[in-house]
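Structural description and commentary
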Amino acid sequence: MMVAQAAKLISSATSTPISMEIMLADALDAEPALMSVRGVTHYYGDRCGCRSIDLDLWPGEVLAIVGESGSGKSTLLNLLAGRFPPSAGTIHYRDAEGVRHNINCLSEAVRRRLLRTEWGFVHQNPRDGLRMRVSAGGNIGERLMACGNRHYGKLRGSALDWLSRVEIAADRIDDRPSAYSGGMQQRLQIARNLVSSPRLVFMDEPTGGLDVSVQAKLLDLLRQLVRQLNLSVLLVTHDLVVARLLAHRMIVMRRGEIVETGLSDQVLDDPQHAYTQLLVSSILQG
Ligand SMILES: Nc1ncnc2c1ncn2[C@@H]1O[C@H](COP(=O)(O)OP(=O)(O)OP(=O)(O)O)[C@@H](O)[C@H]1O
Ligand SMILES: [Mg+2]
């Protein structure tokens, strides 16, 4: 059973905590972790970015990394995506062929292959994830071309299909992203990332910086796509509402360390750590 299904079952079940644990253990036994992180620590000079991080991400799982500003969320996400190496610790990723890679020792060729074909990265600011001087259709087609697709008609067809999936009108295909609103740019960035059917998508505050109504629509869209495509997602957010809506499980970070981890509903309904209790009570008051 996939973890995503297990988490859904568990959250909808009226079972005792013990049977929940058994169900989760069954799910976790079924498939090896997609990503395994042990003892990951990063320092920027003497400043701690994150420390002693252990976590596993399972196939089909959406894992939220939450915590206040400066708690180390983006540092951790960037380390996991191999954007820079940790000061200590290991990160392993199991690819589509079942080969286990140490992210910190990838050859450039393998790193590029993973980035092109198996991973996506959705930045908070769409400008960091889009080519602003290339048309919307080009932004989507480019990602497919990087995977070896060359047929113009097919590239255009896929671009049109993905524009409609992210609710952008077909007649905007030749516009540059700079002519799009912030919400449209973010949807285009999502299309560019998902068109190549990645297995794992990293997202850093994907709905941050948008108006509340635009944010709600985007969240709804992300939720649908993640389910339809059975994606594994590492999602950074400081917003517990976003985490609850999208994530099966969450880890709570404070000052670079994990203070609590668990199924999203459990963590939010029954937070154990004083810091998580504070975060949860602040949204209830907010
Ligand atoms: N490039 C950098 N150089 C030095 N220190 C950094 C750098 N990037 C992050 N830090 C420090 O590492 C710690 C964690 O920062 P990080 O950006 O990972 O937090 P965050 O949880 O993503 O915060 P936010 O919600 O504001 O994005 C902070 O103390 C921050 O000042
Ligand atoms: Mg950040």
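Cut-offs applied
Residues numbered from 1 in each chain as written. Chains lettered and ligands numbered in written order. Predicted model: local features only at pLDDT ≥ 70, side-chain atom pairs only at ≥ 80, totals over all residues. Heavy atoms only, no water. Near = heavy atom within 4 Å. Polar contact = N/O pair within 3.5 Å; in protein donor to acceptor, adjacent residues only side chain to side chain. Areas by Shrake-Rupley, 256 points an atom, 1.4 Å probe, with all protein chains shown as cover. Nonpolar A, V, L, I, M, F, W, Y, C, P; charged D, E, K, R; others polar. Phe/Tyr/Trp six-rings, centres within 6.5 Å; stacked < 30°, edge-to-face > 60°. Helix = DSSP H or I, 4+ residues; strand = E, 2+ residues; numbered from the N terminus. Contact = heavy atoms within 4.5 Å. Core = buried A, V, L, I, M, F, W, Y, C linked by side-chain atoms within 4.5 Å. Buried < 20%, exposed > 50% of the residue type's maximum accessible area, 1.4 Å probe, protein only. Pairing = 2+ DSSP bridges. Axes fitted to C-alpha atoms, helices over the stretch in contact; angles between N-to-C directions.

**What to know about the site of ligand 1**
Close contacts around ligand 1 come from Tyr44, Arg47, Cys48, Gly49, Glu68, Ser69, Gly70, Ser71, Gly72, Lys73, Ser74 and Thr75, and that covers them all. Interatomic distance of 2.5 Å between a side-chain N/O atom of Ser69 and an oxygen atom of ligand 1. In the complex, the protein chains occlude 61% of the 630 Å² of accessible area that ligand 1 would expose alone. Class assignment for the residues of the shell around ligand 1 results in 2 nonpolar, 7 polar and 3 charged.

**Some words on the packing of aromatic side chains**
Under the definition given, this model contains 4 aromatic pairs. Between Tyr44 and Phe84 the ring centres are 6.3 Å apart and the planes differ by 65 degrees, which places this aromatic pair in the edge-to-face class. With Tyr44 in strand E1 (residues 35–44) and Phe84 in the loop between helix H3 (73–80) and strand E4 (88–94), the pair connects residues that are 40 residues apart, well separated along the chain. Where Trp119 meets Phe202, the ring centres are 5.2 Å apart and the plane angle is 75 degrees; that geometry is what we call edge-to-face. Note that Trp119 is positioned in strand E6 (residues 119–122) and Phe202 in strand E7 (residues 200–204), a separation of 83 residues in sequence. Grouped by ring-pair contacts, the aromatic residues Tyr93, Trp119, Phe121 and Phe202 constitute a single cluster.

**Comments concerning the environment of Glu205**
Checked against the element boundaries, Glu205 lands in the loop between E7 and helix H8 (212–228). The sequence separation of Glu205 and Asp239 amounts to 34 residues, and the corresponding C-alpha distance is 8.6 Å. Setting aside anything within four residues of it in sequence, one finds Glu205 in contact with Lys73, Gln124, Val236, Thr237 and His238.

**So, the nonpolar core**
Residues Ile140, Trp162 and Leu188 are the most contacted members of the largest nonpolar core, which totals 47 residues. For this core, the element with the highest residue contribution is H8, accounting for 6 residues. Contacts of Trp162, omitting those with residues within four sequence positions, involve Ile140, Ala191, Leu194, Val195, Leu225 and Leu229. Residues Cys50, Leu55, Ile103 and Leu106 belong to the second largest nonpolar core, which totals 28 residues.

**A closer look at H3**
In terms of burial, H3 is a largely internal element, 7 of the 8 residues being buried. Of all the positions in H3, only Lys73, Thr75, Leu76, Leu77, Asn78, Leu79 and Leu80 are classed as buried. Positive backbone phi, at 70 degrees, marks Gly82, one or two positions downstream of H3.

**A closer look at the sheet that holds strand E3 (residues 62–66)**
Hydrogen bonds between backbone groups are what pair the strands of a sheet, and the pairing can be parallel or antiparallel. Read across the open sheet, the 6 strands follow the order E6-E7-E8-E3-E9-E10; overall the sheet is mixed. The outermost strands of the open sheet, each flanked by one partner alone, are E6 and strand E10 (257–263). Within the sheet, the average angular offset between the axes of one strand and its neighbour, ignoring direction, is 15 degrees. Pairing between strand E9 (residues 249–254) and E10: 6 bridges, direction antiparallel.

**Notes on the sheet that holds E1**
In spatial order, the strands read E2-E1-E4-E5; together these 4 strands make up an open sheet with antiparallel pairing. Sheet topology places strand E2 (47–57) and strand E5 (100–102) at the edges, where each strand pairs with a single neighbour. Each neighbouring strand pair of the sheet contributes to a mean axis angle of 25 degrees, computed without reference to strand direction. Here E1 runs beside E2; their pairing, made up of 7 bridges, is antiparallel. Following the sheet pairing, Tyr44 is matched in E2 by Arg47.

**Side note on unusual backbone geometry**
With glycine set apart, most residues show a phi of negative sign, and most peptide bonds adopt trans. The phi dihedral of Ser197 is positive, around 50 degrees, even though this residue is not glycine. The topology assignment puts Ser197 in the loop between helix H7 (182–194) and E7. Taking the relative accessible area as the measure of exposure, Ser197 reaches 57% and is therefore exposed. With a phi angle near 50 degrees, Glu205 is a residue other than glycine that sits in the positive phi range.

That's the geometry; what it means functionally is another story.
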